[in-house]
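Chain by chain, the residues run as shown.
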Amino acid sequence: MSNRCVDEVILIGAGVIGLSIAYELATRGQKVRILERGEKVGREASWAGAGILPPANVKNVLDPLEKLRGISHQLHPLWAEQLKQETGIDTGFHQCGGIYLARKPGETASLAGYISLLKQENIEATLLSRDALLELEPTLDPDQFQAAYLLPQELTLRNPRHVKALSKACELRGVQIDTNCEILGFECNNGIITGLKTSNGLISGRQYCITAGAWSSELLRQVTKIPTGVVPIRGQMILFEGPERLIQHILNEGTRYLVPRRDGKILVGSCEEEVGFQKETTPQMIEQLSDFAYSIVPALKEYEISMSWSGLRPGSFDGLPYMGRVPDVDNLFMASGHFRSGIHLSTGTAVLMADLLTDQKSDISIGHFGIIR
Ligand SMILES: Cc1cc2nc3c(=O)[nH]c(=O)nc-3n(C[C@H](O)[C@H](O)[C@H](O)COP(=O)(O)OP(=O)(O)OC[C@H]3O[C@@H](n4cnc5c(N)ncnc54)[C@H](O)[C@@H]3O)c2cc1C
């Protein structure tokens, strides 16, 4: 295939964000190409994540991030069904519900604050009595928790399956995906990108969008002096091989959680570590995560930790993703910095970015996510 196609939108990076934008653009009849430096697509943060989609509502919400979350939440069931029909891949998407737990007075107060925010957005959250908690999750020791709430609308999906389905659906819609293709730099003339210098030679298109996750700022710096704040924030995870239905809800305490899969696997995460681009796991964190898991579900001591891994989240300084046109460069865009919510926000991001790239009016004001802020 030619390396020069004047009609194409080129996405740089095939994580969940690049793949989702490609899928949405292809649905709208656009010619799309994704360039990914890895041997396979979606093997960085998008593979590593837990796949928790916390409840969100689009009605009566003014905050742009909450609106994006609400729109994304509404789209996930539709995308899961569509991807299944188109590719035959079951992404493991389902409404398992989440239980939010607090042990100490400080945690209890901050959880109560979170729940009252959810209620303002008409999101269902029920305070559980000791017996109700025990009935929902019999392996928990209810006496160690001061508060527990059930959020029935919490959803989950299996990240590796989701990115695999997205990639297959993209290909079925004619998206060209080049793996083993690293973007090394940009050719720029009078504020227009004329081509990408890649490990496979010069590749040109009509528009370019940086969707390179934690590596996005490094790429952007090659074209402009604008200092975006996308930084890698490492998260570690462990996986237990449990029996089916040992737990049935996502169990959240503070920033940590246990996520049950239907086949008995239980993911436990996570942490936020600023260690640059180092992707190793550490024995100390594996121990902390397993201690956390045992403290919530003591029965897990009987089961093996079969895997551990880490991923680099694209963090941003103010918690908002960067989405929009890169100032002073006509045909360069960016969608990155989704931090702990990239899987959740990927569907809404795809719609928003596809609106921008095709000059359509959007339901959400993209200005709040601007590259300069
Ligand atoms: C432990 C952990 C738990 C998480 N849990 C959740 C969760 O429960 N729910 C949720 O919504 N989110 C979660 N997240 C966050 C979510 O995974 C990320 O926000 C999301 O995956 C970011 O997607 P991305 O496409 O921007 O980045 P990535 O998935 O990192 O993809 C970027 C891609 O760009 C490629 N690339 C980089 N540089 C270049 C280059 N120069 N040339 C070509 N290609 C390049 C990379 O190889 C990579 O494939 C979690 C993340 C981690 C690490």
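Residues numbered from 1 in each chain as written. Predicted model: local features only at pLDDT ≥ 70, side-chain atom pairs only at ≥ 80, totals over all residues. Heavy atoms only, no water.

Chemist: Sorry, what's going on with the overall build of the protein here?
Modeler: The helix and strand tally for the protein stands at nine helices and 19 strands. The C-alpha radius of gyration computed for the protein amounts to 21 Å, which stays within 12% of the reference 21 Å derived for 373 residues, consistent with globular compactness. Each of the three principal axes of the protein carries a C-alpha extent, and together these read 65 × 45 × 40 Å. Taken across its 373 residues, the protein has 57% of its residues classed as buried. For the protein, restricting intrachain contacts to residue pairs at least 6 apart in sequence, the fraction spanning at least 24 positions comes to 75%. Counting only carbon and sulfur atoms, one obtains 49% of the accessible surface of the protein, whose full area is about 16,200 Å². (Helix = DSSP H or I, 4+ residues; strand = E, 2+ residues; numbered from the N terminus. Rg over C-alpha atoms; globule rule 2.2 N^0.38 Å. Buried < 20%, exposed > 50% of the residue type's maximum accessible area, 1.4 Å probe, protein only. Contact = heavy atoms within 4.5 Å. Areas by Shrake-Rupley, 256 points an atom, 1.4 Å probe, with all protein chains shown as cover.)

Chemist: Would you take a moment to explain a positive patch on the surface for this structure?
Modeler: A surface patch of positive charge is lined by K40, R43, R161, K164 and K168. Residue position: K164 is located in helix 6 (residues 159-172). A relative accessible area of 56% means that K164 is categorised as exposed. (Patch = residues over 30% accessible without salt bridge, like charges linked within 9 Å, V, L, I, M, F, W, Y side chains within 5 Å. Salt bridge = Lys/Arg side-chain N within 4 Å of Asp/Glu carboxyl O. Lys, Arg positive; Asp, Glu negative; His and termini not counted. Charge placed at Lys NZ, Arg CZ, Asp CG, Glu CD.)

Chemist: Which parts of the structure should I look at to understand the sheet that holds strand 2 (residues 32-35)?
Modeler: The strands making up a sheet associate through backbone hydrogen bonding, with each pair oriented either parallel or antiparallel. Spatial ordering of the open sheet is given by 8-2-1-12-19-18, a layout of six strands whose pairing is mixed. Looking along the sheet, the strands with just one partner apiece sit at the ends: strand 8 (176-178) and strand 18 (322-325). The average angle at which neighbouring strand axes cross in this sheet is 20 degrees, direction not considered. By the bridge criterion, three bridges tie strand 2 to strand 8 in an arrangement that is parallel. (Pairing = 2+ DSSP bridges. Axes fitted to C-alpha atoms, helices over the stretch in contact; angles between N-to-C directions.)

Chemist: Help me out: how do you make sense of the layout of surface pockets in this one?
Modeler: Over the atoms, a rolling probe the size of a water molecule traces out where space has been left empty. By volume, the second largest pocket amounts to about 240 Å³. Forming the boundary of the second largest pocket are 13 residues, of which K40, V41, V163, K164 and S167 lie nearest the centre. Examining the composition of the lining of the second largest pocket, we find that six residues originate from one element, helix 6, more than from any other. Along the lines of polarity and charge, the residues of the lining of the second largest pocket split into five nonpolar, three polar and five charged. (1 Å grid on protein atoms, 1.4 Å probe; cavity = no way out; pocket = protein on both sides within 12 Å on 5 of 7 lines; lining within 4 Å. Points joined across faces, edges and corners; volume = space filled by probe spheres on them. Nonpolar A, V, L, I, M, F, W, Y, C, P; charged D, E, K, R; others polar.)

Chemist: Help me out: how do you make sense of the site of the ligand in this one?
Modeler: By nearness alone, 38 residues border the ligand, and E36, S46, I52, F339 and H344 come closest of all. Residue A45 places a main-chain N or O atom 3.2 Å away from an oxygen atom belonging to the ligand. A distance of 3.1 Å is found between an oxygen atom of the ligand and a backbone nitrogen or oxygen belonging to G342. Mapped by element, the contributors of at least two residues to the shell around the ligand are helix 1 (16-27), helix 2 (45-48), strand 13 (231-241), strand 17 (305-315) and helix 9 (342-357). The residue inventory of the shell around the ligand, partitioned by class, reads 18 nonpolar, 14 polar and six charged. For the shell around the ligand, the domains that each give at least three residues are domain 1 (9-90 + 159-230 + 318-369) and domain 2 (98-153 + 231-315). (Near = heavy atom within 4 Å. Polar contact = N/O pair within 3.5 Å; in protein donor to acceptor, adjacent residues only side chain to side chain. Domains from an automatic or database assignment.)

Chemist: Whenever I open this one, the pattern of salt bridges confuses me. Can you help?
Modeler: Think of it this way: side chains of opposite charge can pair up when their charged atoms draw near. For the coordinates displayed, the defined rule picks out 18 salt bridges. Between D355 and R28 there is a salt bridge, with the nearest N and O atoms lying 2.8 Å from each other. Of this pair, D355 sits in helix 9 while R28 is found in the loop between helix 1 and strand 2, placing the two residues 327 residues apart along the sequence. With a shortest N-O distance of 3.4 Å, E182 and R37 are connected by a salt bridge. One end of the pair, E182, is in the loop between strand 8 and strand 9 (183-189); the other, R37, is in the loop between strand 2 and helix 2, and 145 residues separate them in sequence.

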